Amino acid sequence: MELRLYDTLSREKRTFVPLDAKNVRMYVCGPTVYDFAHIGNARPVIVFDVLFRLLRHLYGEAHVKYVRNITDVDDKINDRAARDFPGLPLNEAIRKVTEETGRQFHADVDALGALRPSVEPRATEHIGEMREIIERLVRGGFAYVAEDHVLFSPQAMNAANAGLPRYGALSKRSLDEMIAGARVDVAPYKKDSTDFVLWKPSKPGEPSWASPSGIKVEGRPGWHIECSAMAWKHLGEQFDIHGGGIDLVFPHHENEVAQTCCAFHQQRMANYWMHNGFLQVESEKMSKSLGNFITIHELLRDWPGEVLRLNMLKTHYTSPIDWTMKSLEESARTLDDWYRIAADVAPSKPAVSVLEALLDDLNTPQAIAALHGLRGSDVPALAGSLRLLGFLSESAAQWEGRKQQASGIDAKQVESLIAERTAARARKDFKESDRIRDQLAAMGIAIKDSKDGTTWEVAR
Ligand code: AMP
Ligand code: ZN
């Protein structure tokens, strides 16, 4: 059985052959940590987690290295820090924002059943590598210093042409057309409209680091160079798979390829480029202004993470996904059924039908159809296959208990029990009032008596 993956660069499904089967290497662009992650951000997390699990199954856990970065230097972070912590020095505020958002991101993706990547590098811990790549690019004639910025020149790259990919190859864009279509208000320090920033000076108070040689003032990196640096540090000059959402193909990934290939004089950065399609909500683009912007955090209040995970995997990762309440309800019912019949069964090896579907470019809808087929024929294989896909992290009883809790406490019933208890206390029937208190506690309700009466809450 061989793994076939759709590669955005060659626009075809190709058999996956790792550079080194003892060290299979994958890089996925991670979040910029300034706010709660939305459900669209969960898509690459879940999709590449399934791929990570499949690669570990095929090559062995010790032989797969998955790197997903954390972007902790960005204008959006600075803006959020200044807004949320106006009294603090900016750098301190930024640390608060990135630490808190990073913690929240971990809580979310853990709940989605995603394994932690092998390494989660932070951009701010790789400034030295960024500087080194930038200096190589300047030395090689691919980048230049202007007004304390360093700019990368795609035109210099395409003119050099010596064993390098063509700028625009990944996103299938022609540099000439990009030049023709350029906006008129190009920054004055750019020689050409298509040049992009590798390094820029920091404004007073902003995070800043020693700049690459040739620049005296301190500065900070552009976004694209961060991923080139972290991938290089943790995976080497070339590696197997690079992933992210389809929106990252241009300019982010095109620029990563340009930086890495020109710095290390090579034809390729990654051998397979994989991109997940976009997620929309109830047939509309998700946006704050439309009011349909949903965070993972909010969804987790109403649904177990595995329901969100299954709902995501019902659509093939390259297709757009329409995230609907109806589909979520259906996913929840499916998982209730699988938990009931398979969660407490000793799992056997994953079924061939499920594996074959996954090996065909992560065809998760087909894998799910195969799971439905196993339900009536081979429950141990159903259990083993579900575990491979990152499901059944709880026992059947835990799942059921959580469901009852989430399905809601009947507030009217609680109020009337409290009224009965108040009446029992008034007539000094403490046996009965204690019995009702215990009954409420068993329902997960904590009560508090004060001179103003009795209040209650769902106990945690
Ligand atoms: P960002 O923090 O916006 O850079 O996004 C983090 C990851 O989520 C990237 O891989 C994006 O491509 C991906 N992403 C963002 N929005 C969506 C969406 N609506 N659907 C699918 N993927 C998305
Ligand atoms: Zn990236």
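Parameters at a glance
- Residues numbered from 1 in each chain as written.
- Chains lettered and ligands numbered in written order.
- Predicted model: local features only at pLDDT ≥ 70, side-chain atom pairs only at ≥ 80, totals over all residues.
- Heavy atoms only, no water.
- Near = heavy atom within 4 Å.
- Polar contact = N/O pair within 3.5 Å; in protein donor to acceptor, adjacent residues only side chain to side chain.
- Areas by Shrake-Rupley, 256 points an atom, 1.4 Å probe, with all protein chains shown as cover.
- Phe/Tyr/Trp six-rings, centres within 6.5 Å; stacked < 30°, edge-to-face > 60°.
- Helix = DSSP H or I, 4+ residues; strand = E, 2+ residues; numbered from the N terminus.
- Buried < 20%, exposed > 50% of the residue type's maximum accessible area, 1.4 Å probe, protein only.
- Axes fitted to C-alpha atoms, helices over the stretch in contact; angles between N-to-C directions.
- Parallel < 35°, antiparallel > 145°, perpendicular 65-115°, else oblique.
- Contact = heavy atoms within 4.5 Å.
- Nonpolar A, V, L, I, M, F, W, Y, C, P; charged D, E, K, R; others polar.
- Pairing = 2+ DSSP bridges.
- Domains from an automatic or database assignment.
- Donors = N, O, S within 2.8 Å, 3.2 Å for Na, K, Ca; no water.
- Tetrahedral: all angles 85-135°; square planar, octahedral: opposite > 155°, others 65-115°.
- 1 Å grid on protein atoms, 1.4 Å probe; cavity = no way out; pocket = protein on both sides within 12 Å on 5 of 7 lines; lining within 4 Å.
- Points joined across faces, edges and corners; volume = space filled by probe spheres on them.

1. Some remarks on the site of ligand 1
Part 1 of the argument: The immediate surroundings of ligand 1 are formed by 15 residues, with Gly40, Asn41, Gly245, Asp247 and Leu279 found nearest.
Part 2 of the argument: Gly245 places a polar main-chain atom, nitrogen or oxygen, 3.1 Å from an oxygen atom of ligand 1.
Part 3 of the argument: When ligand 1 sits alone it has 490 Å² of accessible area, and the protein chains cover 84% of it.

2. Structural notes on the packing of aromatic side chains
Part 1 of the argument: Within this structure, the stated rule accounts for 7 aromatic pairs.
Part 2 of the argument: Aromatic side chains Phe16 and Tyr59 sit 6.2 Å apart centroid to centroid with 80° between the ring planes, which places their arrangement in the edge-to-face category. With a gap of 43 residues between them, Phe16 in the loop between strand 2 (12–15) and strand 3 (24–28) and Tyr59 in helix 1 (residues 42–59) connect regions that are remote in the sequence.
Part 3 of the argument: Take Phe16: its relative accessible area is 5%, and that puts it in the buried class.
Part 4 of the argument: For the ring pair Tyr27 and Phe239, a centre distance of 6.4 Å and an interplane angle of 50° mean the geometry is tilted. Placement of the pair is Tyr27 in strand 3 and Phe239 in strand 9 (residues 239–245), with a sequence separation of 212 residues. A single burial state applies to Tyr27 and to Phe239, both of which are buried.
Part 5 of the argument: Taken together through their ring pairs, the aromatic side chains of Phe16, Tyr59 and Tyr272 make up a single cluster.

3. Quick look at the packing of helix 2 (residues 75–84) against helix 3 (residues 90–111)
The description of two helices packed together rests on the angle between their axes and the distance between the axes.
Part 1 of the argument: Two elements in contact, helix 2 and helix 3, have axes separated by 8 Å at closest approach and are oriented at 105°. Taken together, the axes of helix 2 and helix 3 are roughly perpendicular relative to one another. Packed against helix 2, whose contacting residues are Ile77, Asn78, Arg80, Ala81 and Ala82, the element helix 3 presents Leu90, Ala93, Ile94, Val97 and Thr98 at the interface.
Part 2 of the argument: By residue class, the composition of the contact of helix 2 with helix 3 is 7 nonpolar, 2 polar and 1 charged.

4. Quick look at the sheet that holds strand 10 (residues 270–276)
Hydrogen bonding along the main chain pairs the strands of a sheet, whether they run parallel or antiparallel.
Part 1 of the argument: The 4 strands lie next to each other as 4-3-9-10, forming an open sheet whose pairing is parallel. Looking at the sheet topology across the chains shown, the edges are occupied by strand 4 (64–68) and strand 10. Averaged over all adjacent pairs, the angle separating strand axes in this sheet is 20°, with direction ignored.
Part 2 of the argument: Sheet analysis places strand 3 next to strand 4, joined by 5 bridges and oriented parallel. In the strand pairing of strand 4, Met26 is matched with Tyr66.
Part 3 of the argument: Strand contacts of helix 8 (residues 249–264): strand 9 and strand 10, with the helix running at about 160° to strand 9, the strand carrying the most contacts.

5. Notes on the domain arrangement of the protein chain
Part 1 of the argument: Entries for the protein chain in the domain assignment read domain 1 (4–279), domain 2 (323–397) and domain 3 (409–458).
Part 2 of the argument: If you average the C-alpha positions of domain 2 and of domain 3, the two centres end up 42 Å apart.

6. Section: the side chain of His275
Part 1 of the argument: Mapped onto the elements, His275 comes out in strand 10.
Part 2 of the argument: According to the relative accessible area criterion, His275 is buried, its value standing at 5%.
Part 3 of the argument: A distance of 2.7 Å separates the side chain of His275 from the side chain of Thr8, its partner in a polar contact.
Part 4 of the argument: Engagement of the side chain of His275 in a polar contact is seen with the side chain of His253, the distance being 2.8 Å.

7. Digging into the coordination of the zinc ion (ligand 2)
Part 1 of the argument: At the metal site, the zinc ion (ligand 2) is ligated by Cys29 (SG), Cys227 (SG), His252 (NE2) and Glu256 (OE), and these contacts range over 2.0 to 2.6 Å.
Part 2 of the argument: One way to put it: the 4 donor atoms around the zinc ion (ligand 2) meet at angles of 75 to 130°, and that makes the site irregular.
Part 3 of the argument: We note that the donor set of the zinc ion (ligand 2) lies within a single chain, spaced as C-x197-C-x24-H-x3-E. Of this pair, Cys29 sits in the loop between strand 3 and helix 1 while His252 sits in helix 8; the two residues are 223 residues apart in sequence, bridging distant segments of the chain.
Part 4 of the argument: Owing to a relative accessible area of 11%, Cys29 belongs among the buried residues under this scheme.
Part 5 of the argument: According to the relative accessible area criterion, His252 is buried, its value standing at 0%.

8. Quick word on the sheet that holds strand 5 (residues 143–146)
Part 1 of the argument: Read from one edge to the other, the open sheet built from 4 strands follows the order 5-6-7-8, with strand pairing classed as antiparallel. Single-partner strands in this sheet number two, and they are strand 5 and strand 8 (219–221). With direction set aside, neighbouring strand axes in the sheet form an average angle of 20°.

9. Details of unusual backbone geometry
A negative phi holds for most residues other than glycine; trans holds for most peptide bonds.
Part 1 of the argument: Residues Phe250 and Pro251 are joined by a peptide bond in cis, for which omega reads 0°.
Part 2 of the argument: Structurally, Pro251 is set in helix 8.
Part 3 of the argument: Not every positive phi belongs to a glycine, and Arg11 is a case in point at roughly 55°.
Part 4 of the argument: Residue position: Arg11 is located in the loop between strand 1 (4–7) and strand 2.
Part 5 of the argument: Positive phi values are uncommon outside glycine, yet Leu392 reaches one of about 60°.
Part 6 of the argument: With respect to the helices and strands, Leu392 occurs in the loop between helix 14 (379–388) and helix 15 (396–406).
Part 7 of the argument: In this structure Leu392 comes out as buried when scored by relative accessible area, which is 3%.

10. Some points on empty space enclosed by the protein
Part 1 of the argument: On inspection of all chains with the given rule, the structure shows 2 cavities of 30 Å³ or more.
Part 2 of the argument: Computed from the structure, the largest cavity encloses a volume of approximately 40 Å³.
Part 3 of the argument: As for the largest cavity, its lining consists of Val47, Val50, Leu313, Thr315, Tyr317, Leu362 and Thr364.
Part 4 of the argument: Classifying every residue of the lining of the largest cavity by side-chain character gives 5 nonpolar, 2 polar and no charged.
Part 5 of the argument: The space that makes up the second largest cavity amounts to roughly 30 Å³.
Part 6 of the argument: Lining the second largest cavity are Leu310, Leu313, Thr364, Ile368, Leu371, Leu389 and Phe391.
Part 7 of the argument: Among the secondary structure elements, those contributing two or more residues to the lining of the second largest cavity are helix 10 (305–313) and helix 13 (364–375).
Part 8 of the argument: Of all the elements, helix 13 adds the most residues to the lining of the second largest cavity, at 3 residues.
Part 9 of the argument: Looking at the lining of the second largest cavity residue by residue, the classes come out as 6 nonpolar, 1 polar and no charged.

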